[in-house]
Amino acid sequence: MPEPQTVERTVVRFPRFSFCPTVRMGAAEYKFHSEEMKRSLLGAILCLLTVMLHVAPVSGKIATVYKGGIEWSVNTVSKTAVAVGPSDKTYGSLTNPVIPDSVSYEKVNYPVTGIGASCFTSFKSVSGTITLPKTLVYIGKGAFKNCTRLSGSLVIPDNVTRIYDEAFLNCTGLKGTLSLPTSLQEIGVSAFAQCGFKGKLELPDKLTTIGQSAFRLCEGFTGSLVIPESVTSLGSAAFSGCSGFNGSLNLSPAITEIGGYTFSGTGFKGELKIPAKVTTIGEGAFKSCTGFTGKLVIPESVASLGTYAFQECTGFSSLVLGKSLKTVGGYAFRDCSGLSGSLRIPSRVSAIKEYAFYGCSGLMGTLYLPASLQTIEPSAFTATQFSQIESLALTPPTISKYITNPNYPSDPGYYRYAFTDWHYDNTKVLVPAESLQKYKTHSVWRNFKYISALPVEPASISIDKTEMTIKAGETDTLIATVLPDTADNKSIVWTSGDESVASVDSDGNVMGIKVGETIVTATTVNGLTASCTIFVTVPVGVDSFESDDSQKEIFTLSGLMVLPQSELAPGIYIVREGNIVRKLIVR
């Protein structure tokens, strides 16, 4: 069998001399750098000797080999072969191509480790199912881009660590399954975008990077998707338009950013959990993901919500915004009609962008606006139905407007604000007492018919003791103080951490039940707390009393109940009769 056709390119490198000019001989280049030596006879002789003797050469050979309808680049130094493209002699005839494990050159087999950049780009006559070699390490940029006649399933071999940008972009004929190897670490930009794969997509555990648009518009994937814990980078639009996914989405806890349109238009269902390390949710990241349901919690790590981030996510039922959030982007939750109840804007937010909550018709509770809020942009809350707004801002936030019809700029009927006439007529507004007049005279806030002062809430609570020691069967009283004195509701709820050790009533009266330790807590109407540690000790002395045995309960100090008719052994007991608790010492 004749050897495959080869074209050799020889690369020879020599030590760099500071006294010789540049000399070229064939494919080899020898560089000598002294201009003076170019005019020197001695220099010429030295240069000639160097070329003739090949002083200390370091040489390698790259051969071009044509085999199996493919052009190969064989590197005799690295001992590898890389596919370069279709052979000119068989151009247009690669059907069901099988990329071999090795290529023979000068009777030596060189393992195939790569598919070169643009190797088969737009080569429409490459058709059928492709088989890749087990020796493969990488697939180059655009290697099979626009090979629309490739078909069936695609198996990436186990040794592949990197799939470069656009490697299989627009291979629409690949309508089988996609199998990725456990060795894979990086998927490049648009690597599989617009492919026709079907079935479940399983990402390997060693994967660290998923590039921008990596699987964009792969509409055939179904089931759930797990982003492995190893993934730290998730490119924008990575799964945009993958509408076939119909299971859950589990995100890697290592992800710190969810880029623009990463999951927009996907069909995932169930609860969405944003990882705790995420700081940014980009523009349109989950736009039109109508299948998500339940409560959406934006973690406290998130500082920015991009424009359109959750627009048209109609399945969410409630929303909790993280405390670190500074910006709510325009249209961020537009038409999330499933959201219900109240909405609390975090304390660091200074602006709510246009159309941020437009069309969230299920929001009918209270809208809580923080003291930091400065601006509410047009249509931010149009079509919501809040029954009440509580604003902590001492200066009324600016409610900006824009003109819906520029032909009539002076007609107020053509202005569009954050709120509508429905809000002005139906929504109660509560503001700080010292700012009441500012809101009532504000150019926009004054349109609300019902504006009144916020009730003064407790600012602090304290207990007169941090520790209390009482004997089992005895009582003592704790006194709580709520400030300021002007608080409208200074009610306190008392609770015991362990009522089997000590109980407490609504007036702070603590009763020791058995030897032990517990904590009694006082809580205000707005959730402020103060606490006292209670130590219950052994009682001393003897109490005698008469009672109906059928109505009393007797306990040991460890809390074990003793039958009333039993003969009591010497010791200390707690006797409870109705609301009366006494100690009993039997000698």
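Keep in mind that what you see is a predicted model, and the values were worked out from it rather than measured. (Residues numbered from 1 in each chain as written. Predicted model: local features only at pLDDT ≥ 70, side-chain atom pairs only at ≥ 80, totals over all residues. Heavy atoms only, no water.)

Q: How do you make sense of the overall build of the protein when you look at a structure like this?
A: In terms of helices and strands, the protein carries four helices and 46 strands. Among the 587 residues that make up the protein, the fraction classed as buried is 45%. The contacts in the protein between residues at least 6 apart in sequence include a share of 49% that link residues at least 24 apart. With an accessible surface of roughly 28,200 Å², the protein has 51% of that area assigned to carbon and sulfur atoms. (Helix = DSSP H or I, 4+ residues; strand = E, 2+ residues; numbered from the N terminus. Buried < 20%, exposed > 50% of the residue type's maximum accessible area, 1.4 Å probe, protein only. Contact = heavy atoms within 4.5 Å. Areas by Shrake-Rupley, 256 points an atom, 1.4 Å probe, with all protein chains shown as cover.)

Q: Help me understand the nonpolar core in this model?
A: Side chains of a nonpolar character, in soluble globular proteins, are inclined to be buried together. Residues Phe 215, Phe 239 and Phe 286 are the most contacted members of the largest nonpolar core, which totals 117 residues. Those elements that provide at least two residues to this core are β4 (58-67), β5 (70-75), β6 (80-86), β7 (102-105), β8 (108-115), β22 (316-320), β26 (366-369) and β32 (428-431). Sequence-distant contacts of Phe 239, defined by excluding residues within four places in its chain, comprise Leu 201, Leu 203, Ile 210, Phe 215, Leu 225, Ile 227, Leu 234, Phe 245, Thr 262, Phe 263, Ser 264 and Thr 266. Counting residues in each nonpolar core, the second largest holds 23 residues, with Ile 461, Leu 478, Val 482 and Ile 534 among its members. (Core = buried A, V, L, I, M, F, W, Y, C linked by side-chain atoms within 4.5 Å.)

Q: Just to check I follow, could you spell out the layout of surface pockets for this structure?
A: It is a probe the size of a water molecule, rolled over the atoms, that shows where empty space is left. Taken as a whole, the largest pocket spans an internal volume of roughly 850 Å³. In terms of lining residues, the largest pocket is bounded by 31 residues, among which Arg 344, Tyr 368, Glu 390, Leu 392 and Glu 457 are the most central. Counting only elements with at least two residues in the lining of the largest pocket, the list comes to β22, β24 (343-344) and β26. For the lining of the largest pocket, the leading source of residues is β22, giving three residues. Split into classes, the residues belonging to the lining of the largest pocket amount to 19 nonpolar, six polar and six charged. Taken as a whole, the second largest pocket spans an internal volume of roughly 230 Å³. In this structure, the second largest pocket is lined by Glu 499, Ser 500, Ser 503, Met 511, Ile 513, Lys 514, Phe 555, Thr 556, Gly 559, Ile 574, Arg 576 and Val 581. If you list the elements that add at least two residues to the lining of the second largest pocket, you get β43 (552-556) and β45 (571-577). (1 Å grid on protein atoms, 1.4 Å probe; cavity = no way out; pocket = protein on both sides within 12 Å on 5 of 7 lines; lining within 4 Å. Points joined across faces, edges and corners; volume = space filled by probe spheres on them. Nonpolar A, V, L, I, M, F, W, Y, C, P; charged D, E, K, R; others polar.)

Q: What's the story with the pattern of salt bridges in this structure? I'm lost.
A: When the charged atoms of two side chains with opposite charge come close together, those side chains can pair. On inspection of all chains with the given rule, the structure shows seven salt bridges. With a shortest N-O distance of 3.2 Å, Glu 166 and Lys 145 are connected by a salt bridge. Taken together, the positions of Glu 166 in the loop between β11 (162-163) and β12 (178-179) and Lys 145 in the loop between β9 (138-139) and β10 (154-155) put the pair 21 residues apart, joining distant regions of the chain. Between Asp 476 and Lys 465 there is a salt bridge; the shortest N-O distance is 3.4 Å. Pair noted here: Asp 476 is in strand β36 (residues 475-477) and Lys 465 is in the loop between β34 (460-463) and β35 (467-471), with a separation of 11 residues, a long-range link. When its relative accessible area of 28% is taken as the criterion, Asp 476 is described as partly exposed. (Salt bridge = Lys/Arg side-chain N within 4 Å of Asp/Glu carboxyl O.)

Q: Is there a simple way to explain the pairing of β6 in this structure?
A: Across a regular strand the side chains alternate sides, sitting on one face of the sheet and then on the other. A large share of β6 lies buried, amounting to six of its seven residues. Both β5 and β6 contribute to a ladder of six bridges, which runs antiparallel. Following the sheet pairing, Trp 72 is matched in β6 by Ala 83. The loop that links β5 with its antiparallel partner β6 comprises four residues; one of these, Lys 79, has a positive phi angle of about 60°. The pairing of β6 with β8 spans three bridges and is classified as parallel. For Ala 83, the partnering residue across the bridge sits in β8 and is Ile 115. (Pairing = 2+ DSSP bridges.)

Q: Please clarify how the sheet that holds β24 should be interpreted in this entry.
A: Note on sheets: strands pair through backbone hydrogen bonds, and any given pair is parallel or antiparallel. Judged by pairing direction, the sheet is parallel, and its five strands sit side by side in the order β24-β26-β28-β32-β33 without closing on themselves. If you trace the sheet from one side to the other, it starts and ends with β24 and β33 (450-453), each paired once. By the bridge criterion, two bridges tie β24 to β26 in an arrangement that is parallel. Looking across to β26, one finds that Arg 344 is bridged to Tyr 368.

Q: What is the right way to read the packing of aromatic side chains from this model?
A: Aromatic rings considered in pairs are described by the distance between their centres and by the relative angle of their planes. Counted under the stated rule, the structure contains 34 aromatic pairs. Centre to centre, the rings of Phe 144 and Phe 168 are 5.1 Å apart; their planes meet at 10°, and the pair counts as stacked. Of this pair, Phe 144 sits in the loop between β9 and β10 while Phe 168 sits in the loop between β11 and β12, placing them 24 residues apart in sequence. For Phe 168, a relative accessible area of 0% gives the class buried. (Phe/Tyr/Trp six-rings, centres within 6.5 Å; stacked < 30°, edge-to-face > 60°.)

Q: Any chance you could explain the sheet that holds β35 here in plain terms?
A: Sheet architecture is open: four strands sit in the order β35-β42-β41-β38, paired in mixed fashion. Each edge of the open sheet is held by one strand with a lone partner, namely β35 and β38 (492-496). Pairs of neighbouring strands in the sheet enclose a mean axial angle of 25°, with direction left out of account. Where strand β41 (residues 516-524) lies against strand β42 (residues 529-537), eight bridges are found, and the strand directions are antiparallel. The residue of β42 that forms the bridge with Ala 522 is Ala 530. (Axes fitted to C-alpha atoms, helices over the stretch in contact; angles between N-to-C directions.)

Q: Can you help me understand unusual backbone geometry in this one?
A: What is expected of a backbone is that most residues other than glycine have negative phi and most peptide bonds are trans. Of the consecutive residues Leu 483 and Pro 484, the connecting peptide bond is found in the cis state with omega at 0°. Positioned with a positive phi, Glu 166 is a non-glycine residue whose angle comes to about 60°. Take Glu 166: its relative accessible area is 22%, and that puts it in the partly exposed class. Positive phi values are uncommon outside glycine, yet Leu 217 reaches one of about 65°. Within the secondary structure layout, Leu 217 lies in the loop between β14 (209-210) and β15 (225-226). Note on Leu 217: relative accessible area 34%, which makes it partly exposed.

Q: I'm lost on the environment of Gly 512 in this one. Help?
A: Looking at where Gly 512 falls in the secondary structure, it is placed in strand β40 (residues 509-512). Its relative accessible area of 0% is what places Gly 512 among the buried residues. Along the primary structure Gly 512 and Phe 535 are separated by 23 residues, whereas in three dimensions their C-alpha atoms are 8.4 Å apart. Not counting the four nearest positions on each side in its chain, Gly 512 is found in contact with Ile 470, Lys 471, Ala 472, Gly 473, Glu 474, Val 501, Ala 502 and Val 536.

Q: Whenever I open this one, the environment of Cys 195 confuses me. Can you help?
A: For Cys 195, the location among the structural elements is in the loop between β13 (186-187) and β14. Along the primary structure Cys 195 and Cys 171 are separated by 24 residues, whereas in three dimensions their C-alpha atoms are 5.0 Å apart. Setting aside residues up to four positions removed in sequence, Cys 195 forms contacts with Phe 168, Cys 171, Leu 174, Leu 217 and Cys 218.

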